[in-house]
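Per-entry structural report
Listed below are the residues making up each chain.
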Amino acid sequence: MQPNPILDPVAGRVPESRIARGEAGDDLAAWGATPARPVAGTAWFNQYSYHPATLSNGLTTDREWYAMSYTSFLIRGFCDMEVVSEALADEGVFPVGAQRKGDAAPKAMATIWLNIINDSVCGAYNEVVLSFDVNHSSAGKVAFREGGRVDATWALQYGNFGPSVCDSQFLHSLWIDSPLSISWGREMQAFPKHPKPVSSVLSDQPSEFTFDLSWDGHNVMKGRAAKRFGTVPFLREGMGLVAANGLTGVSGFLAAESFDIPITMPVKTAAQNNVPRHYVGHLWKGRNPYAVQVWPWASDDVLDLGDVTEPTGCEDHNGHNLLKRAGFEPVSVTYVPRSSALVELLG
């Protein structure tokens, strides 16, 4: 057993948890990745500090989560504020609102992250995440009001373009198909990964992205969304983002190699594993203007949230059920076709 990660000049840090290959039936160690040249290059990862650790299954690892290569497909939209506020009441955070045109009261904002992880500190796997935009100090904060030149499709991206009333993304649920990734996430950084692995199919096709998650044949969530990007949609995206978020913020985002997202984990998950709750995700995108693509959710796109729930033995991370109760309405799609990321302790 290696005491510390191997430092490879091309592949970067290679702890056991990244390349673990177990015997047949050894679920915890059978999800290793094949290290490849990091998309962002080793220099980007080398600017951060790392702290070697050991998982409960005996594998050596790092306490920081990092992915050398992944693809992300995000569905952003609105939920009933009262339902989400009640669900987060014990978490010390408050859902940030957005005032939609024609609505009497602000809606909460949620994001479903569909991530194909090709190479990470805990191997290769499919990951689906539910997060909510939250404020840490008080309820009633409103991020934007739709109307005039401010369209919700583009305004929903507000968190990437400078300071706002959104203090962090609160991670409510993660559905993972790798037992190794589940152990790593809960033990190292309190990621609320549901302890029961899902059967997960994420398919990044040329014309659409499809997804199908289930427990024992029962639907957790499934759907598809067409890819609607090209020259004209790119121009529409640029004009929409600038109108909703300002030229300075959008220009700064395009010019930056990476951007940061503060992350808050649930109280019970952190307490169960005696680890902190507050982290920051550094997401590398490069400077290619097509690196982050946004387009509207369309009427023929599909999101089917299931009714099945499973206990966790700690907290309720059946976020698909919460989204269904909160009447989640998809509004926009964000596609990041090739990226890298690192999550470290905040501060």
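Up top is the structure.
Since we're looking at a predicted model, the values are computed, not measured.

**Structural notes on the overall build of the protein chain**
The secondary structure content of the protein chain amounts to 9 helices and 19 strands. At 19 Å, the protein chain has a C-alpha radius of gyration in line with the 20 Å of a compact globule built from 347 residues. On the principal axes, the C-alpha backbone points of the protein chain span a range of 60 × 40 × 40 Å. The buried share of the protein chain, taken over its 347 residues, is 55%. Contacts in the protein chain between residues at least 24 apart in sequence constitute 73% of all its contacts with a sequence separation of at least 6. If you average the places of the 27 positive and of the 37 negative side-chain charges in the protein chain, the two averages end up 6 Å apart.

**Regarding the nonpolar core**
Ranked by size, the top nonpolar core spans 50 residues in total, and within it Phe-45, Trp-65, Trp-184 and Phe-191 carry the most contacts. It is strand 5 (residues 65-79) that contributes the most residues to this core, 6 residues altogether. Ranked by size, the runner-up nonpolar core spans 37 residues in total, among them Val-83, Leu-114, Leu-213 and Leu-305.

**Focus on helix 5 (residues 179-189)**
The buried fraction of helix 5 amounts to 11 of the 11 residues, a majority that puts the element mostly inside the structure. Buried within helix 5 we find Pro-179, Leu-180, Ser-181, Ile-182, Ser-183, Trp-184, Gly-185, Arg-186, Glu-187, Met-188 and Gln-189. Downstream of helix 5 by one or two residues, Ala-190 has phi in the positive range, about 60°.

Each value, and the rule that gives it
Residues numbered from 1 in each chain as written. Predicted model: local features only at pLDDT ≥ 70, side-chain atom pairs only at ≥ 80, totals over all residues. Heavy atoms only, no water. Helix = DSSP H or I, 4+ residues; strand = E, 2+ residues; numbered from the N terminus. Rg over C-alpha atoms; globule rule 2.2 N^0.38 Å. Buried < 20%, exposed > 50% of the residue type's maximum accessible area, 1.4 Å probe, protein only. Contact = heavy atoms within 4.5 Å. Lys, Arg positive; Asp, Glu negative; His and termini not counted. Charge placed at Lys NZ, Arg CZ, Asp CG, Glu CD. Core = buried A, V, L, I, M, F, W, Y, C linked by side-chain atoms within 4.5 Å.

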